[in-house]
Structures are given as C-alpha cells and as structure tokens.
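Observations on chain architecture
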Amino acid sequence: MLGKKKKKATVSSSSGEVVLPKLDFKPKISDDKEQQGVLIACRSLEQYPQAVILAAQAIKNRADQILMDFSQQGAAVRFRVDGIWESMPAMDRPTGDGVLAIYKRLCVLNPTDRKSRQQGVLPLKYKGIDWILDFMSQGVPSGERVLIKIQPKKAVLNTLSDLGMREKMQEQLRHLLNQSEAMFLFSAAAGQGLPTTWRVGMEAADRFMRDFHSVEDKKIDEPEII
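Residues numbered from 1 in each chain as written. Predicted model: local features only at pLDDT ≥ 70, side-chain atom pairs only at ≥ 80, totals over all residues. Heavy atoms only, no water.

Right, let's talk about the sheet that holds strand β7 (residues 118–126) for a bit. Two pairing modes exist for strands in a sheet, parallel and antiparallel, and in both the strands are linked by backbone hydrogen bonds. Taken together, seven strands build an open sheet; the order of strands is β3-β7-β8-β9-β4-β5-β6 and the sheet is antiparallel. Each edge of the open sheet is held by one strand with a lone partner, namely β3 (23–25) and β6 (84–92). For this sheet, the mean inter-axis angle between neighbouring strands, taken without regard to orientation, is 25 degrees. Across seven bridges, the pairing between strand β5 (residues 74–81) and β6 is antiparallel. Within β6, the residue paired with Arg-80 across the bridge is Trp-85. On the sheet, helix α2 (residues 48–60) packs against β3, β4 (63–70), β5, β6, β7, β8 (129–140) and β9 (143–152) and is oriented at approximately 110 degrees with respect to β3. Against the sheet, helix α3 (residues 93–106) engages β3, β4, β5, β6, β7, β8 and β9, with an angle of about 110 degrees to β6. (Pairing = 2+ DSSP bridges. Helix = DSSP H or I, 4+ residues; strand = E, 2+ residues; numbered from the N terminus. Axes fitted to C-alpha atoms, helices over the stretch in contact; angles between N-to-C directions. Contact = heavy atoms within 4.5 Å.)

Relative to the 18 Å expected for 13 residues at 1.5 Å per residue, α2 spans 18 Å between its end C-alpha atoms, a close match to the ideal helical length. Every buried residue belonging to α2 is among Tyr-48, Pro-49, Ala-51, Val-52, Leu-54, Ala-55, Ala-56, Ala-58 and Ile-59, and all of these are buried. Just past α2, the residue Arg-62 takes up positive phi, approximately 65 degrees. (Expected span 1.5 Å × (residues − 1). Buried < 20%, exposed > 50% of the residue type's maximum accessible area, 1.4 Å probe, protein only.)

Here α2 crosses α3 at 75 degrees, and the two axes come no closer than 8 Å. Classed by the angle they form, the pair α2 and α3 counts as roughly perpendicular. Where α2 approaches α3, its residues Tyr-48, Gln-50, Ala-51, Leu-54 and Ala-55 are matched on the opposing element by Thr-95, Val-99, Ile-102 and Tyr-103. Across the contact of α2 with α3, the residue classes tally to seven nonpolar, two polar and no charged. (Parallel < 35°, antiparallel > 145°, perpendicular 65-115°, else oblique. Nonpolar A, V, L, I, M, F, W, Y, C, P; charged D, E, K, R; others polar.)

Moving on to the side chain of Glu-144. Inspection of the secondary structure puts Glu-144 in strand β9. A polar contact is formed between the side chain of Glu-144 and the side chain of Lys-104, at a distance of 2.9 Å. When near neighbours in sequence (up to four residues on either side) are disregarded, Glu-144 contacts Met-68, Asp-69, Phe-70, Leu-100, Lys-104, Asp-113, Arg-114, Ser-137, Gln-138 and Gly-139. (Polar contact = N/O pair within 3.5 Å; in protein donor to acceptor, adjacent residues only side chain to side chain.)

What follows concerns the packing of aromatic side chains. Two numbers describe a pair of aromatic rings. These are the distance of the centres and the angle of the planes. By the definition in use, this model includes five aromatic pairs. For the ring pair Phe-186 and Trp-198, a centre distance of 5.9 Å and an interplane angle of 85 degrees mean the geometry is edge-to-face. With Phe-186 in the loop between α4 (167–177) and α5 (194–204) and Trp-198 in helix α5, this pair connects stretches of sequence that are twelve residues apart. Judged on exposure class, the residue Phe-186 and its partner Trp-198 are both buried. Measuring from centroid to centroid gives 6.2 Å for Trp-198 and Phe-212, while their planes differ by 80 degrees, and the two rings are edge-to-face. In this pair, Trp-198 sits in helix α5 while Phe-212 sits in the segment after α5, placing the two residues 14 residues apart along the sequence. By relative accessible area, which is 17% here, Trp-198 ends up buried. (Phe/Tyr/Trp six-rings, centres within 6.5 Å; stacked < 30°, edge-to-face > 60°.)

Enumeration according to the criterion identifies seven salt bridges in this entry. The partner of Asp-69 in a salt bridge is Arg-145, and the shortest N-O contact between them spans 2.6 Å. Taken together, the residues Asp-69 in strand β4 and Arg-145 in strand β9 connect sequence positions 76 residues apart. Taking the relative accessible area as the measure of exposure, Arg-145 reaches 39% and is therefore partly exposed. A salt bridge links Lys-125 to Asp-130; the shortest N-O distance between them is 3.9 Å. Among the residues examined, Asp-130 registers a relative accessible area of 29% and is labelled partly exposed. Three or more residues joined by partner-sharing salt bridges are found here, namely Arg-93, Asp-97, Lys-104, Arg-114 and Glu-144. (Salt bridge = Lys/Arg side-chain N within 4 Å of Asp/Glu carboxyl O.)

As structure tokens, then:
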C-alpha cells in the first residue's frame, strides 16, 4: 500500500508560494510535550517562515554570526562571512519583532523583555547537519541589538582538502610541519578561521614527534584539542 507524500512547507508571497528550507529547530526543553507546545506556538506565528529562512540563509552563506539591530523603522540584518560583515535585506518592524519573538521563545527566553540582556542556545538541524545557535539580545538606546553565533555541533572542516587546499600545497605544508629545524606559526586576524586552521593543521602534522604551543585569549572559549 502506497503512503501519502509528505507536503513541503511553503509560504505565500506576492510572487507566489516559496518552498521553505528543510530546517528543524530543536529547543533545549527536556519535556517532549512542552517542547512540542513551543514549536506549535512558534509555527502558528505569521513570521515563522522568515525565522526559518534567516537561519538557513546564514548557514548556506557560511556565516558564523547574525547581527540584528532594531530601531523604530525596522531591523537591519547583517551576516559575518569570513570575518567580514555583509548587509542583508532589512526587515520591517512587524516582521523583525515576530522573528525575534520566535527565536526568544525557541531559546526559552522572555519575548516581552526588550531591555534586559538575555542569552540562550537553540539547536537545529539543516541539511543533515546539527548546528547550535548561541543567542544574545540586549536593549540599546536605539532599540535592541541581537547577536546570534552559529557553529556546527561537530566540526565539518576536518582535512586540508576541506579547507580548499590543493594536493601539492598539502604536501608542502606537511613537509614544513614535520621538519625539526624550524618553528611553524599559525596566525590569523580575528574571525578569519584560526581555530579551524590550527586544529586541521595539527591533524596534518606528526603530533607524536612535534611539540605544539598556543597563545589564546582567555575570554574566548575555544574547544580544547587533545
């Protein structure tokens, strides 16, 4: 017996129906019924499709941060891609407010509080990969500022090839990393992928024969590498 095809989620617009990205929010709520209640309440809001599209676009564009600045007119949106802030289409005030309320509810925060500093975490799955949204909002004189940091639950860049390095350059790098007559230095400007380069670089070296040292900012909580 053939089963019914599951319909794709869509949202209507002036130009017709738009198929929503297959993205699943997974609020950190231990009680399954309560979690489903929050998801149902958020999905019933008019701005839910925009909340899904915002997260999916950021991940698709390889952004590691989303910045939203709220004012009386609306919400300016920017993505940080490879350390550079890129402006995205702004949201009008009702749309921005709705998207913000949805994210706050999914992070188990207070949507009505637009002044206090609030922080929360929102796991989600997109294209088969688990991601973590680290959410922070704070009232400012002009309105409210929201910063959402995006990171995969597990590293998705694990090899030199994943970083886009050609085979010949990989051989040269491994040769330099495993020499004993010199020091090899990894460095980068803030937001330019130093933690990933450091981790992948060490994986490419002979870690049993070399010593490694790092100088890090204590305020930045980078994952420990064994």
